[in-house]
Amino acid sequence: MRHADHHPAFAGSIPQFYERYMVPLIFAPYAADLAARTAQHRPMKVLEIAAGTGVVTRQLAQVLAPDAAITATDLNPTMLDHAASIGTGRAVHWQAADGQRLPFEDGAFDAVVCQFGVMFFPEKARAFAEARRVLRPGGALHFNVWDHIEHNAFAQSVTDALALEFPQDPPRFMAHTPHGYHDVAVIARDLANGGWTTRAQIETLAHRSRADTAREVAIAYCQGTPIRNEIEARAPQDLQAITERTAQALAQQYGSGVVDGKIQAHVVTITR
């Protein structure tokens, strides 16, 4: 799902927890939105970058024309293998690829799609340049990025709870990486540095994130994201105990039944 520097972070059982808990919690509504935006342009050849466990891929398979070709890529084979094992209901070409060095010819695609992957590229302008290179003239790049963590309730609350667990060295993955690329002016600058000359359409889109219990939210973040690696690096034997204490902190804040919190992201479309 991510660049090589972050590749090992999504190994082990993280993909399974990610798909089971994180996808319905925060990714599903944005996947449906991004796929719908892509389908509006009626592309026949679509490339997905940083496909992860395939939440957007499955949506694209549902809404694109039956004869449209989908190529879904990810740098992380573990995530991509899990996506392929779930399946899509139609033919998809799965391929390991680095979004900053795409192994495709110039102008090979009508659309490039990337859900919550751009934040992980160390050289974002280069990734944008690669997306532009593989698009035909008139093709579109569709991607989304999380807004600041303060606009994403559960991510902020989990980060706060873990700061109490590790006051000397709090895990900051969520704030620094998934929610660290939220400035739309910076996004526009990186697109320009990647060779894009047209004006991007950027919409800030809020949804509600819901789970049956606070414990599901704690499991999602503590065991289904690279936060798990941060916890295990600090307390190798305490992942489950810390997850449970995080769940208790969330229950105190959101209640013991169904929990609900705001999520917010920027959705970007730009045409070559």
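Here, every reference points to the structure presented above.
Now for a description of the structure that goes with this document. Since the structure is predicted, the reported quantities are computational estimates derived from the model, not experimental observations.

**A look at the pattern of salt bridges**
1) Next: The full count for this structure, using the stated rule, is 15 salt bridges.
2) Next: For the salt bridge of D98 with R101, the shortest nitrogen-to-oxygen distance reads 3.1 Å.
3) Next: For D98, a relative accessible area of 13% puts it in the buried group.
4) Next: Classification of R101 by relative accessible area gives partly exposed; the value is 40%.
5) Next: E123 is paired through a salt bridge with R101; the nearest N and O atoms lie 3.9 Å apart. Of the two residues, E123 is situated in the loop between β4 (109–115) and α4 (124–134) and R101 in the loop between β3 (93–96) and β4; the sequence distance between them amounts to 22 residues.
6) Next: Overlapping salt bridges bring together D33, R37 and E203 as one network.

**Brief notes about the environment of Q156**
1) Next: Looking at where Q156 falls in the secondary structure, it is placed in helix α5 (residues 153–165).
2) Next: The exposure class assigned to Q156 is partly exposed, which follows from its relative accessible area of 22%.
3) Next: The spatial distance from the C-alpha of Q156 to the C-alpha of T73 is 30 Å, given a sequence separation of 83 residues.
4) Next: Setting aside anything within four residues of it in sequence, one finds Q156 in contact with I149 and E150.

**Focus: the packing of α4 against helix α7 (residues 184–193)**
1) Next: The N-to-C vectors of α4 and α7 enclose an angle of 55°; their axes lie 7 Å apart at closest approach. One way to sum up the angle between α4 and α7 is to call them oblique. In the packing of α4 onto α7, the handedness of the crossing is right-handed. Listed contacts from α7 to K124, A125 and F128 of α4 are I187, D190, L191 and N193.
2) Next: Residue composition of the contact of α4 with α7, grouped by class: four nonpolar, one polar and two charged.

**Focus on the nonpolar core**
Generally speaking, a soluble globular protein has its nonpolar side chains buried in company with each other.
1) Next: Judged by nonpolar contacts, the single largest core of 82 residues is most densely connected at F27, L141, F143, W146, L191, V217 and Y221.
2) Next: In terms of residue count, the dominant contributor to this core is helix α1 (residues 14–40) (eleven residues).
3) Next: Residues in contact with V217, not counting those within four places in the same chain, are L25, F154, V158, A211, L250 and V259.

**A few points about the packing of aromatic side chains**
1) Next: Summed over the entire model, instances satisfying the criterion amount to eleven aromatic pairs.
2) Next: Ring centres 6.2 Å apart and planes at 40° place the aromatic pair F120 and F173 in the tilted group. With F120 in the loop between β4 and α4 and F173 in helix α6 (residues 173–176), this pair connects stretches of sequence that are 53 residues apart.
3) Next: By relative accessible area, which is 4% here, F120 ends up buried.
4) Next: Residue F173 is classed as buried on the basis of its relative accessible area of 11%.
5) Next: When the ring of F154 is compared with that of Y254, the centres are 5.0 Å apart and the planes differ by 80°; the resulting orientation is edge-to-face. Separated by 100 residues along the polypeptide, F154 in helix α5 and Y254 in helix α10 (residues 239–254) bring together distant segments of the chain.
6) Next: For F154, a relative accessible area of 2% corresponds to the buried category.
7) Next: Ring-pair connections join several aromatic residues into one group, and the members of that group are Y18, F27, Y30, F116 and W146.
8) Next: One Lys or Arg, K124, reaches over the ring of Y181 and ends 5.0 Å from the middle of that ring.

Conventions and cut-offs
- Residues numbered from 1 in each chain as written.
- Predicted model: local features only at pLDDT ≥ 70, side-chain atom pairs only at ≥ 80, totals over all residues.
- Heavy atoms only, no water.
- Salt bridge = Lys/Arg side-chain N within 4 Å of Asp/Glu carboxyl O.
- Buried < 20%, exposed > 50% of the residue type's maximum accessible area, 1.4 Å probe, protein only.
- Helix = DSSP H or I, 4+ residues; strand = E, 2+ residues; numbered from the N terminus.
- Contact = heavy atoms within 4.5 Å.
- Axes fitted to C-alpha atoms, helices over the stretch in contact; angles between N-to-C directions.
- Parallel < 35°, antiparallel > 145°, perpendicular 65-115°, else oblique.
- Left-handed = near helix turned anticlockwise from the far one by under 90°.
- Nonpolar A, V, L, I, M, F, W, Y, C, P; charged D, E, K, R; others polar.
- Core = buried A, V, L, I, M, F, W, Y, C linked by side-chain atoms within 4.5 Å.
- Phe/Tyr/Trp six-rings, centres within 6.5 Å; stacked < 30°, edge-to-face > 60°.
- Lys NZ or Arg CZ within 6 Å of the ring centre and 35° of its normal.

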